[in-house]
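# Close look at the chain arrangement
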Amino acid sequence: MATVTMWHNPRCSTSRTTLSLLDQHGLQPEIVEYLKTPPSADEIKAVLKKLHMKPREFIRKKEPLYKELSLDKESVTDDQLVAAMAANPVLIERPVVFYGARAALGRPPENVLDLFTDLI
């Protein structure tokens, strides 16, 4: 069986709910507290490919830092958004669950269950 990994923020209720949902299904993910060990820009780009998302879809627009860094401007490129997330991981949408070569954003938490149709 492939390893289950989760980018987790224990202060986020959605992240905690997603972790609880995985536990209810007998899945014990390896937890990566991405605020303490931020992913690199290359790692973020790889995750975006797995999620089939663009950087602007994966950045937390409600974070005050989003506006403070003027990331809301249309002129900001995808590479600039990824660099901002790598430098300021609080801007990364969460939680993200990884299973094998796939990933899912836990918004809503039930989204991650699609990764495990062969297990649950």
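Residues numbered from 1 in each chain as written. Predicted model: local features only at pLDDT ≥ 70, side-chain atom pairs only at ≥ 80, totals over all residues. Heavy atoms only, no water.

## Brief notes about the sheet that holds strand β2 (residues 30–32)
In space, the four strands of this open sheet follow the order β2-β1-β3-β4, with mixed pairing throughout. Strands with a single pairing partner mark the edges of an open sheet, and in this sheet they are β2 and β4 (102–105). If you compare each strand with its neighbour and ignore which way they point, the axes differ by 20° on average. Strand direction decides the pairing type here: strand β1 (residues 4–7) and β2, joined by three bridges, are parallel. The residue bridging T5 from the neighbouring strand is E30, located in β2. Running at roughly 165° to β1, helix α1 (residues 13–24) makes contact with β1, β2 and β3 (96–99) of the sheet. (Pairing = 2+ DSSP bridges. Helix = DSSP H or I, 4+ residues; strand = E, 2+ residues; numbered from the N terminus. Axes fitted to C-alpha atoms, helices over the stretch in contact; angles between N-to-C directions. Contact = heavy atoms within 4.5 Å.)

## So, the environment of L65
Tracing the sequence through the fold places L65 in helix α4 (residues 64–68). Along the chain, L65 and P95 lie 30 residues apart, while their C-alpha atoms are 19 Å from each other. Leave out the neighbours within four places in its chain, and L65 touches N88, V90 and L91.

## Quick notes on unusual backbone geometry
Across the junction of R94 and P95, the peptide omega takes the value -10°, indicating a cis bond. Relative to the helices and strands, P95 is located in the loop between α5 (78–87) and β3. Residue P108 follows R107 across a cis peptide bond; omega there is -5°. For H52, which is not glycine, the phi torsion reads 55° and is therefore positive. For H52, the location among the structural elements is in the loop between α2 (41–51) and α3 (55–58). The class of H52 is exposed, set by a relative accessible area of 71%. (Buried < 20%, exposed > 50% of the residue type's maximum accessible area, 1.4 Å probe, protein only.)

## A look at the side chain of E63
Mapped onto the fold, E63 is located in the loop between α3 and α4. Residue class for E63 comes out buried when judged on its relative accessible area of 17%. If sequence neighbours within four positions are ignored, E63 has contacts with V90, L91 and R94.

## With respect to the side chain of E93
Note on placement: E93 falls in the loop between α5 and β3. Judged by relative accessible area, E93 falls into the buried class, the value being 13%. A polar atom in the side chain of E93 sits 2.8 Å from the side chain of R60. Within the structure, the side chain of E93 is placed 2.7 Å from the side chain of R107, a separation counted as a polar contact. Not counting the four nearest positions on each side in its chain, E93 is found in contact with F58, I59, R60, L105 and R107. (Polar contact = N/O pair within 3.5 Å; in protein donor to acceptor, adjacent residues only side chain to side chain.)

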